[in-house]
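# Chain and residue survey
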Amino acid sequence: YAWDANEEYLFKAMVAFALRRYSSKSTTQISNVLLCNVTDRVSFWFVVTDSSKNVTTVPGSEVEAAIRMNRNRINSAFLLSDKTLQFLKITSTLSPPVEPSTPVWLIVFGVVLCLIVAGIFFLVVAGVQQRKKKNKQSTERENLEEKGEVAVTVENGIPCKTLDLKAGHINGVFAADDERFTSL
């Protein structure tokens, strides 16, 4: 960044402009802004003298307030930002917070609503699939019973053998050859 006499003049003009806008006095001239200790790295300090009495300086608080009020104009004149153009003892201006186009609560509401709709859809699809599966199993059992084949029953998820009710079934525990314990 080349800092020359033209850049100095622009800076002095911007400071004079800021003071004129701040104090509503049209007496501040470019000649009232004095730059001191200018270095190659564009570092310097400046003093603004009062135009009515060229001996006294404008209070620092007034200069700070004027620069703070017109900081954006000064940054724009030099095509710089608050990060690249730094005034010591003057805090950088903060840009206003960005307002999203949609409120945050609306985004959260939309996400929650989508999750609820997806859950309901999943439950409906799972119920339909389960009902189809049960109907298919019951039709298979009916078909086997009509053919006369022995179907394997499932109770609690465990396949069980069905009893042949025509032939009967004898439980050996209760069937005894002699009935010695019962007397008549």
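Residues numbered from 1 in each chain as written. Predicted model: local features only at pLDDT ≥ 70, side-chain atom pairs only at ≥ 80, totals over all residues. Heavy atoms only, no water.

## Points about the overall build of the protein chain
- Check the secondary structure of the protein chain and you find four helices and four strands.
- For the protein chain, the sequential pattern of α-helices and β-strands runs α-β-β-α-α-α-β-β.
- Across the 184 residues of the protein chain, 15% fall into the buried class.
- Of the contacts made within the protein chain by residues no fewer than 6 positions apart, 34% connect residues no fewer than 24 positions apart.
- Only carbon and sulfur atoms are counted for the fraction: they give 59% of the accessible area of the protein chain, which is about 15500 Å². (Helix = DSSP H or I, 4+ residues; strand = E, 2+ residues; numbered from the N terminus. Buried < 20%, exposed > 50% of the residue type's maximum accessible area, 1.4 Å probe, protein only. Contact = heavy atoms within 4.5 Å. Areas by Shrake-Rupley, 256 points an atom, 1.4 Å probe, with all protein chains shown as cover.)

## Observations regarding the nonpolar core
- With 16 residues, the main nonpolar core has Phe11, Val15, Leu19, Val48 and Val63 as its most contacted residues.
- Those elements that provide at least two residues to this core are helix H1 (5-23), strand E1 (33-36) and helix H2 (60-69).
- The greatest single-element share of this core, amounting to six residues, is contributed by H1.
- Not counting residues up to four positions away in its chain, the partners in contact with leucine 19 are Ser24, Thr28, Val48, Val58, Glu62, Val63 and Ala66. (Core = buried A, V, L, I, M, F, W, Y, C linked by side-chain atoms within 4.5 Å.)

## Some points on H1
- In a regular helix each residue adds 1.5 Å, so 19 residues correspond to 27 Å; H1 covers 27 Å between its end C-alpha atoms and thus fits that length.
- If you check which residues of H1 are buried, you get Phe11, Met14, Val15, Ala16, Ala18 and Leu19.
- Of the residues trailing H1, serine 24 is marked for its positive phi of about 55°. (Expected span 1.5 Å × (residues − 1).)

## A look at the packing of H1 against H2
- Interaxial distance between H1 and H2 falls to 8 Å at its minimum, and their mutual angle equals 100°. Accordingly, the angle class assigned to the pair H1 and H2 is roughly perpendicular. On the side of H1, the interface is formed by Ala18, Leu19, Arg21, Tyr22 and Ser23, while H2 contributes Glu62, Val63, Ala65, Ala66 and Met69. (Axes fitted to C-alpha atoms, helices over the stretch in contact; angles between N-to-C directions. Parallel < 35°, antiparallel > 145°, perpendicular 65-115°, else oblique.)

## Brief notes about the environment of valine 33
- Positionally, valine 33 belongs in strand E1.
- Using a relative accessible area of 0% as the deciding quantity, one classes valine 33 as buried.
- Sequence separation between valine 33 and methionine 14 is 19 residues, and the spatial gap between their C-alpha atoms is 9.9 Å.

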